Amino acid sequence: MSDYQYINTWIEDSIGRMELNRPKVFNALNRAMVREIVHCLTTFDQSEEVKVIIMSGAGKAFAAGADINEMIEDTPISLEKLNQFEDWDKISFIKKPILAAVQGFALGGGLELVLFADIVFATENTKIGFPEVNLGVMPSAGGTVKLTKTLGYRRALEWLWTGEQMDVRQAYQCGLINRIIPSELLIEETMNFAKKLSKQPPLSLRLIKDTVGRAQDLSVHESMLVERKNFYLLFGSEDQKEGMRAFMEKRPPAAFRGS
């Protein structure tokens with residue numbers, strides 16, 4: 001991996017680990033940090049060694065939002081020239097499973113980053129929310145859209161309009177996180193889940209993620225056509241042949257290779 005200024009990265013047991021590392025400012029996201037995050041995710045996605053990706057935060061927070069010091073003098077023209085959301089958009093094209101291990105605050109841009117994850121584990125002290133309205137702005141990296149698709153129109157508006165924080169149990173009940181984990185077990189439990197996924201057929205994981213992602217935007221009929229196409233594609237893989245042979249022969253399958 002490349003040397004990064006704002007994140008720590010490493011690979012462990014086929015798991016690509018990315019840790020946000022600005023703990024003195026609760027991992028506030030500046031533009032350079034977002035570029036590093038996207039570069040890291042893309043590198044992991046292209047690596048044959050990495051099967052699953054985990055995002056976490058150093059210190060007491062996952063990420064407490066954008067770095068306001070960097071934005072306070074922005075204008076519509078400067079933002080247009082920066083085209084800063086081009087980096088954020090690239091996260092949507094990551095094909096491998098992304099898990100988020102969240103503790104403390106996940107606010108604003110930090111919550112948007114969490115919403116890009118496929119599976120989210122969070123500690124009992126986690127607080128999430130979009131406080132942008134209190135600064136006279138609004139989420140801008142997909143937060144309003146992703147929150148609405150998860151919560152529905154009225155519930156999303158309530159949280160976006162008030163800027164209030166949601167505790168972890170509310171987040172769990174709303175479907176924003178998958179599991180509530182004790183703080184001392186967060187990374188261990190997330191790693192255990194990642195290792196379980198790393199043993200699954202990589203092409204199946206990839207095409208299931210593609211199908212479920214598209215189902216959020218397409219009609220039922222269109223989504224079923226995508227599902228069928230991806231199902232057919234898997235019958236061209238060696239993993240499908242091995243998985244079905246192993247089932248018929250009543251034995252564990254050999255390690256899936258993603259081919």
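All of these numbers come straight from a predicted model, not from anything done at the bench. (Residues numbered from 1 in each chain as written. Predicted model: local features only at pLDDT ≥ 70, side-chain atom pairs only at ≥ 80, totals over all residues. Heavy atoms only, no water.)

### A short note on the overall build of the protein chain
When you go through the protein chain residue by residue, the secondary structure sums to 12 helices and 9 strands. Principal-axis analysis of the C-alpha atoms places the extent of the protein chain at approximately 65 × 40 × 40 Å. Buried positions account for 44% of the 259 residues belonging to the protein chain. Within the protein chain, contacts between residues separated by at least 24 positions form 66% of all contacts whose residues are at least 6 apart in sequence. Approximately 14600 Å² of the protein chain is accessible, and the part contributed by carbon and sulfur atoms is 55%. Charge-centre separation for the protein chain: the mean point of 31 positive side chains lies 5 Å from the mean point of 34 negative side chains. (Helix = DSSP H or I, 4+ residues; strand = E, 2+ residues; numbered from the N terminus. Buried < 20%, exposed > 50% of the residue type's maximum accessible area, 1.4 Å probe, protein only. Contact = heavy atoms within 4.5 Å. Areas by Shrake-Rupley, 256 points an atom, 1.4 Å probe, with all protein chains shown as cover. Lys, Arg positive; Asp, Glu negative; His and termini not counted. Charge placed at Lys NZ, Arg CZ, Asp CG, Glu CD.)

### Examining the side chain of Ser-223
Looking at the secondary structure, you find Ser-223 in helix α11 (residues 220-234). For Ser-223, the side chain forms a polar contact with the main-chain oxygen of Ser-219, separated by 2.8 Å. Residues contacting Ser-223, with those up to four places away along its chain left out, are Thr-211, Arg-214, Ala-215 and Leu-218. (Polar contact = N/O pair within 3.5 Å; in protein donor to acceptor, adjacent residues only side chain to side chain.)

### Thoughts on the packing of helix α10 (residues 202-215) against α11
Two numbers describe how α10 lies on α11: the axes approach to 9 Å, and their chain directions differ by 170 degrees. Relative to α11, the element α10 is oriented roughly antiparallel. In this structure, α10 uses Leu-203, Ser-204, Leu-207, Asp-210, Thr-211, Arg-214 and Ala-215 to contact α11, whose residues at the interface are Ser-223, Val-226, Glu-227, Asn-230, Leu-233 and Leu-234. (Axes fitted to C-alpha atoms, helices over the stretch in contact; angles between N-to-C directions. Parallel < 35°, antiparallel > 145°, perpendicular 65-115°, else oblique.)

### Comments concerning the pattern of salt bridges
Taken as a whole, this structure holds 10 salt bridges when the rule is applied. The salt bridge partner of Glu-12 is Arg-17, with a shortest N-O separation of 3.8 Å. Judged by relative accessible area, which is 6%, Arg-17 ranks as buried. Between Arg-22 and Asp-67 there is a salt bridge, with its nearest N and O atoms 3.3 Å apart. Highlighted residues: Arg-22 in the loop between β2 (15-20) and α1 (31-46) and Asp-67 in the loop between β3 (52-57) and α2 (68-71), separated in sequence by 45 residues. Exposure class is identical for Arg-22 and Asp-67. Each is buried. In the salt-bridge network here, residues are joined through shared partners; they are Glu-242, Glu-249 and Arg-251. (Salt bridge = Lys/Arg side-chain N within 4 Å of Asp/Glu carboxyl O.)

### Brief notes about the sheet that holds strand β4 (residues 98-102)
Ordered by their spatial adjacency, 6 strands build an open sheet running β1-β2-β3-β4-β6-β9, and the pairing between neighbours is mixed. Among the strands making up the open sheet, the edge pair consists of β1 (7-12) and β9 (179-181). Between one strand axis and the next, the sheet turns by 20 degrees as a mean value, whatever way the strands run. Looking at chain direction, strand β6 (residues 119-123) and β9 are connected through 3 bridges and run parallel. Residue Ala-122 lies in a different strand from β9, and its bridge partner there is Ile-180. (Pairing = 2+ DSSP bridges.)

### Description of the domain arrangement of the protein chain
Interface size, as often reported, equals the accessible area lost upon joining of the parts. The domains assigned to the protein chain are domain 1 (7-198) and domain 2 (202-248). The centre of domain 1, based on its C-alpha atoms, is set 27 Å off from the matching centre of domain 2. At the interface, 9 residues of domain 1 touch 6 residues of domain 2. Carbon and sulfur atoms supply 53% of the area buried between domain 1 and domain 2, which totals about 630 Å² over both sides. Of all residues in domain 1, Lys-95, Lys-149 and Leu-197 give up the largest surface area on contact with domain 2, accounting jointly for 63% of the area buried on that side. Close ionic contact of Asp-217 with Lys-149 constitutes a salt bridge, the shortest N to O distance being 3.1 Å. Between the two partners, domain 1 and domain 2, sit 5 residue pairs in polar contact (both at pLDDT 80 or more). Looking at side-chain class alone, the side of domain 1 that touches domain 2 contains 4 nonpolar, no polar and 5 charged residues. (Domains from an automatic or database assignment. Buried area = accessible area lost by both parts, 1.4 Å probe. Nonpolar A, V, L, I, M, F, W, Y, C, P; charged D, E, K, R; others polar.)

### Description of helix α6 (residues 143-151)
Of the residues making up α6, those classed as buried are Gly-143, Leu-147 and Leu-151. Projected onto a plane normal to the axis of α6, the buried residues spread over an arc of 40 degrees and lie on a single side. At its buried positions, α6 is contacted by α5 (109-115), α7 (153-162) and β8 (166-167). After α6 finishes, the residue Gly-152 shows a positive phi value of roughly 95 degrees. (Arc of directions from axis to C-beta.)

### Some words on the sheet that holds β8
On the basis of which strands lie adjacent, the open sheet formed by 3 strands has the order β5-β7-β8 and mixed pairing. The open sheet has two edge strands with one neighbour each: β5 (105-107) and β8. Alignment of strand β7 (residues 127-129) against β8, held across 2 bridges, turns out to be antiparallel. Note on β8: the bridge partner recorded for Ile-128 is Met-166.

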